Each structure stands twice: as C-alpha cells, then as structure tokens.
Amino acid sequence: MTSQQSRNVAYALALIVPAALMGGALISQYVFGLYPCQMCWWQRYPHIAAIVLAVLALAMKGKGSGDLAVTLAATAIGISGLIGGFHAGVEYGWWEGVTACSTVAGGGNPLDAIMNAPVVRCDHAPWDLFGISLAGFNFLISTAGAILVFALLGKSRKGA
C-alpha cells in the first residue's frame, strides 16, 4: 500500500468507524428500544466530534491541514472507546460507576413524561452478543479503529 493509499484509508476510517457506531447506537435506541444510560451518552459525544472532524479533514485534505483533523478524529474515537471500556467494566461488575441511573423523557405532558420514562441503569447491559455488551463492542471497535487510523497515518508519513 502506498503512502497516499494509507492516508486515504485513514481518512475513510476516521469517518466510517464513528458514523457506523453512531448509526448502530441510534438504530438500537429508536428501532429496538434500547435506551441509552448516562455513560452511553458519554460515548456518543466523542463519536459526534469525530464525525465532524473527519468531514472537516476530507474538506481540507488537499490543503495540508487534513491530517491534523484526522488525528483529532482518531483521538476522539479512542476516547469513546476508553469510555466504552470503563462502562463495560461497570456492567460486568469489575468496578463502580460514577453516575446514577438516567431516564428518557418523552413528549407530551412534562410530568407524565417524567413519571412514565423508563429508568436506564448504567450497571446493567440490556443486550449482549457472546457476553459482550454494546459498551464492550464500542470499546473493541473504537480502540481498534483509532489505533488503525494512527498506524495508517504514521505509515503515510514514513512513505512520504
């Protein structure tokens, strides 16, 4: 793989990884009713930042500043992964969480929305596959994605 190909793949992954994970989170919430807890929200914010940074990187790619934006996007992806790892540890009972349970309020009468909102616990995984929760998958995918983006950018710099 040439240095330009490595750079192109890094730019693409910096957008695809957080966009796919955010898409999965939104589908799990709005299609399957798996409402996010507070720590789930904490994982979403860096992915949103990474998407914005990756789009900026693609817009600035020919101007030389794109690599900085991709590096920042990969950092945000990694941060989300680390939060996911911490959250997974709370779900597995390895350590205590740092937040209380959260609720999801709906529309309509505010009092009814508050009273009927589901309580979402941060220490309970509402879904898992092979014993890995959504937070665990975020940890695995985000940290691997961030490391891969950093490695590809490093390879593109060595080859340049």
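This text goes with the structure placed above it.
Presented here is an overview of the structure given in this document. All values reported here derive from a predicted model rather than from experimental measurement.

**Things to note about the overall build of the protein**
- For the protein, the helix and strand inventory stands at five helices and four strands.
- Going from the N terminus to the C terminus, the protein shows its helices and strands as α-α-α-β-α-β-β-β-α.
- For the protein, the residues scored as buried account for 38% of the 160 residues in total.
- Considering only residue pairs separated by 6 or more positions, the protein has 74% of its internal contacts joining residues 24 or more positions apart.
- As displayed, the protein has an accessible area near 8800 Å², and 69% of this comes from carbon and sulfur atoms.

**Remarks on the nonpolar core**
- Val70, Val149 and Leu153 are the most contacted members of the largest nonpolar core, which has 20 residues in total.
- Looking at this core, the elements that each hand over two or more residues are α1 (3-30), α2 (38-60), α3 (66-91) and α5 (134-159).
- Non-local contacts of valine 149, meaning those with residues more than four positions away in its chain, are made with Ala10, Leu13, Ala14, Val70 and Ala74.
- Counting residues in each nonpolar core, the second largest holds five residues, with Cys37, Met39, Val90 and Val120 among its members.

**Comments concerning the packing of α1 against α3**
- Packing of α1 against α3 brings their axes to within 10 Å, and their N-to-C directions diverge by 40 degrees. Put simply, α1 runs oblique to α3. With respect to the hand of their crossing, α1 and α3 are arranged in left-handed fashion. In this structure, α1 uses Arg7, Ala10, Tyr11, Ala14, Val17 and Pro18 to contact α3, whose residues at the interface are Gly66, Asp67, Val70, Ala73 and Ile77.
- When grouped by side-chain class, the residues that make up the contact of α1 with α3 number eight nonpolar, one polar and two charged.

**Digging into the state of the cysteines**
- Across all of its chains, the model carries zero disulfides by this definition.
- Between cysteine 40, a free cysteine, and cysteine 37, which holds the nearest cysteine sulfur, the sulfur-to-sulfur gap is 3.5 Å.
- The partly exposed category is assigned to cysteine 40, whose relative accessible area is 24%.

**Structural notes on the packing of aromatic side chains**
- Evaluated as defined, the whole model comprises four aromatic pairs.
- Aromatic side chains tyrosine 92 and tryptophan 94 sit 5.1 Å apart centroid to centroid with 50 degrees between the ring planes, which places their arrangement in the tilted category.
- Given a relative accessible area of 33%, tyrosine 92 falls into the partly exposed group.
- Accessibility expressed as a relative area gives 58% for tryptophan 94, which makes it exposed.
- Pairing tryptophan 94 with tryptophan 95 gives two aromatic rings, centres 5.9 Å apart and planes at 65 degrees, and the pair type is edge-to-face.

**Side note on the layout of surface pockets**
- Size it by volume and the largest pocket reaches roughly 530 Å³.
- Lining the largest pocket are 31 residues, and of these Ala25, Ser28, Cys40, Leu134 and Ala135 sit closest to its centre.
- For the lining of the largest pocket, the secondary structure elements donating two or more residues are α1, α2, α3 and α5.
- In terms of residue class, the lining of the largest pocket is built from 19 nonpolar, nine polar and three charged.

Thresholds, definitions, all that
Residues numbered from 1 in each chain as written. Predicted model: local features only at pLDDT ≥ 70, side-chain atom pairs only at ≥ 80, totals over all residues. Heavy atoms only, no water. Helix = DSSP H or I, 4+ residues; strand = E, 2+ residues; numbered from the N terminus. Buried < 20%, exposed > 50% of the residue type's maximum accessible area, 1.4 Å probe, protein only. Contact = heavy atoms within 4.5 Å. Areas by Shrake-Rupley, 256 points an atom, 1.4 Å probe, with all protein chains shown as cover. Core = buried A, V, L, I, M, F, W, Y, C linked by side-chain atoms within 4.5 Å. Axes fitted to C-alpha atoms, helices over the stretch in contact; angles between N-to-C directions. Parallel < 35°, antiparallel > 145°, perpendicular 65-115°, else oblique. Left-handed = near helix turned anticlockwise from the far one by under 90°. Nonpolar A, V, L, I, M, F, W, Y, C, P; charged D, E, K, R; others polar. Disulfide = S-S within 2.5 Å. Phe/Tyr/Trp six-rings, centres within 6.5 Å; stacked < 30°, edge-to-face > 60°. 1 Å grid on protein atoms, 1.4 Å probe; cavity = no way out; pocket = protein on both sides within 12 Å on 5 of 7 lines; lining within 4 Å. Points joined across faces, edges and corners; volume = space filled by probe spheres on them.

Keep in mind these values describe shape, not function.
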